[in-house]
Amino acid sequence: MKGIFEMKNKTILIQGAMDIEVEYFISQLEKKEKHIIAEYEFYTGYIHAQKIIISKTLVGVINATTATTIGIIAFHPDIVINQGIAGAHRSSIHIGDIIIGEKCCNINAYSMPTKQEGHSSNPFEWEPNKRAKDIQLGDKALINTFKDFFESNYDKTIYVGTLGSGDVFNREFDRISWLQNQFNHLCEDMESIGTYSVCNRFQVPCIGIRIISNNELTNEQLDKEQAIVLQKFLIDFLQNKSL
């Protein structure tokens, strides 16, 4: 099918920031080897005969940017998949839904008006700056590949759209609504913008895939176990695409 990424015989770098976002992947690796570079952990091996590198990036945009750069230079992957949990930024999106990142933007980069002492601060007056407006794109063929597989095999809703990313854990209803109006994104994580930016500079195909773990707008509380659900599903994907 035109526009579908051929996965077989590719070296795939899979990222997760927290232990719970990578531990199941690591447990499934065959011929596993651990590598530590500049204190970042990488695990090489095979899953369903597919050559895999698992990267624990640690939390945050700077860590994701650094780990992605190291991963590309050290291991020369053909594909980078940034995955893990994310908070929904729309009331129609719920725990267990999956977001495929067609685009990615930095939702925490702003310019603000000058105010003198005693004039307080109003975040709703801030404006997204150039870094926020510099939208990063995921690989189209990868998007089509994952969308096709997920929609055929996953029993919850699959969305294709914009990942919002930055170093703030937003938990205020009005702030989340304001952000959503500014960026038209679907969810929030703390790493994907770093991965997209680096991969696009190195011209390595990349995609961000996030499973929803919480939604402050609907009072759906954080469920980190969704990270394991996504890892298991991605392993099913690798098995299917390796045949």
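A. Geometry of unusual backbone geometry. One non-glycine residue with positive phi stands out, namely leucine 58, at about 75°. By secondary structure assignment, the location of leucine 58 is in the loop between strand 4 (50-56) and helix 2 (61-75). If you check the backbone angles, asparagine 219 has positive phi at about 60° while not being a glycine.

B. Broad picture of the packing of helix 2 against helix 6 (residues 192-202). Relative orientation of the contacting elements helix 2 and helix 6 amounts to 35°, with a least axis distance of 7 Å. Seen from above, helix 2 lies across helix 6 with right-handed handedness. Between helix 2 and helix 6, the contacting residues are Val61, Ala64, Thr65, Thr68, Thr69, Ile72 and Ile73 on the first element and Ile193, Gly194, Thr195, Val198, Cys199 and Phe202 on the second. Partitioned by chemical class, the residues of the contact of helix 2 with helix 6 number eight nonpolar, five polar and no charged.

C. How the structure looks around the pairing of strand 10 (residues 158-165). Counting buried positions along strand 10 gives six out of eight residues, so the element sits mostly inside the fold. Two strands pair when backbone bridges link them, and strand 6 (residues 98-106) and strand 10 are joined in this way by eight bridges, in the parallel orientation. If you follow isoleucine 98 over to strand 10, its bridge partner there is isoleucine 158. Tracing the backbone out of strand 10, into helix 5 (residues 173-183) and back to the parallel element strand 11 (residues 187-189) gives a crossover that is right-handed.

D. Here's a closer look at the pattern of salt bridges. A full pass over the atoms with the stated rule returns eight salt bridges. Linking aspartate 19 and lysine 56 is a salt bridge whose minimum nitrogen-to-oxygen distance equals 2.7 Å. Here aspartate 19 is found in helix 1 (residues 19-28), whereas its partner lysine 56 is found in strand 4, with 37 residues between them in sequence. Across the pair glutamate 216 and arginine 171 runs a salt bridge, and its minimum N-O distance is 3.2 Å. Residue glutamate 216 is located in the loop between strand 12 (206-214) and helix 7 (226-242), and its partner arginine 171 is located in the loop between strand 10 and helix 5; the two are separated by 45 residues in the primary sequence. A cluster of three or more residues bridged by salt bridges with shared partners is formed by Glu21, Asp189, Glu191 and Arg210.

E. Up close: the side chain of aspartate 97. Among the secondary structure elements, aspartate 97 is positioned in the loop between strand 5 (79-88) and strand 6. With no salt bridge to any partner, buried aspartate 97 finds its closest opposite charge in lysine 156, at an N-O distance of 6.0 Å. Within polar-contact distance, the side chain of aspartate 97 engages the backbone nitrogen of threonine 157 at 3.3 Å. In this view, aspartate 97 contacts Ser92, Lys156, Thr157, Tyr159, Arg210, Ile211 and Ile212; residues no more than four positions away in its chain are not counted.

F. Geometry of helix 6. Among all positions of helix 6, only Ser192, Ile193, Gly194, Thr195, Tyr196, Val198 and Cys199 are buried. Positive backbone phi, at 60°, marks glutamine 203, one or two positions downstream of helix 6.

G. Representation of the nonpolar core within the structure. Core analysis: the largest hydrophobic core is formed by 60 residues, its most contacted members being Ile54, Ile98, Phe146, Phe150, Ile207 and Ile209. Ranked by residue count, the leading element in this core is helix 7, at seven residues. Contact partners of isoleucine 209, with chain neighbours within four places excluded, come to Ile81, Asn82, Gln83, Gly84, Ile98, Ile99, Phe146, Phe150, Leu230 and Leu234. If you look at the next biggest cluster of nonpolar residues, it comprises eight residues, including Cys105, Tyr110, Leu179 and Phe183.

H. Structural context of empty space enclosed by the protein. One pass over the structure, following the stated rule, counts one cavity of 30 Å³ or more. Here the largest cavity is characterised by a volume of approximately 30 Å³. Contributing to the lining of the largest cavity are Gly87, Ala88, His89, Phe169, Asn170, Glu188, Asn214 and Glu216. Grouping the amino acids of the lining of the largest cavity by side-chain chemistry returns two nonpolar, four polar and two charged.

I. Fine view of helix 4 (residues 140-153). Taking 1.5 Å per residue, 14 residues should reach 20 Å; helix 4 reaches 20 Å between its end C-alpha atoms and fits that length. Turning to helix 4, its buried residues number three or more, namely Leu142, Ile143, Thr145, Phe146, Phe149 and Phe150. Projected down its long axis, helix 4 shows its buried positions confined to an angular sector of 165°, all on one face. For helix 4, the exposed residues set more than 90 degrees away from the buried face come down to Lys140 and Ser152. The distance from a side-chain oxygen at the start of helix 4 to the backbone nitrogen of alanine 141 is 3.2 Å, and the residue carrying that oxygen is aspartate 139.

About the cut-offs
Residues numbered from 1 in each chain as written. Predicted model: local features only at pLDDT ≥ 70, side-chain atom pairs only at ≥ 80, totals over all residues. Heavy atoms only, no water. Helix = DSSP H or I, 4+ residues; strand = E, 2+ residues; numbered from the N terminus. Axes fitted to C-alpha atoms, helices over the stretch in contact; angles between N-to-C directions. Left-handed = near helix turned anticlockwise from the far one by under 90°. Contact = heavy atoms within 4.5 Å. Nonpolar A, V, L, I, M, F, W, Y, C, P; charged D, E, K, R; others polar. Buried < 20%, exposed > 50% of the residue type's maximum accessible area, 1.4 Å probe, protein only. Pairing = 2+ DSSP bridges. Right-handed = clockwise from strand over helix to strand, strands pointing away. Salt bridge = Lys/Arg side-chain N within 4 Å of Asp/Glu carboxyl O. Lys, Arg positive; Asp, Glu negative; His and termini not counted. Polar contact = N/O pair within 3.5 Å; in protein donor to acceptor, adjacent residues only side chain to side chain. Core = buried A, V, L, I, M, F, W, Y, C linked by side-chain atoms within 4.5 Å. 1 Å grid on protein atoms, 1.4 Å probe; cavity = no way out; pocket = protein on both sides within 12 Å on 5 of 7 lines; lining within 4 Å. Points joined across faces, edges and corners; volume = space filled by probe spheres on them. Expected span 1.5 Å × (residues − 1). Arc of directions from axis to C-beta.

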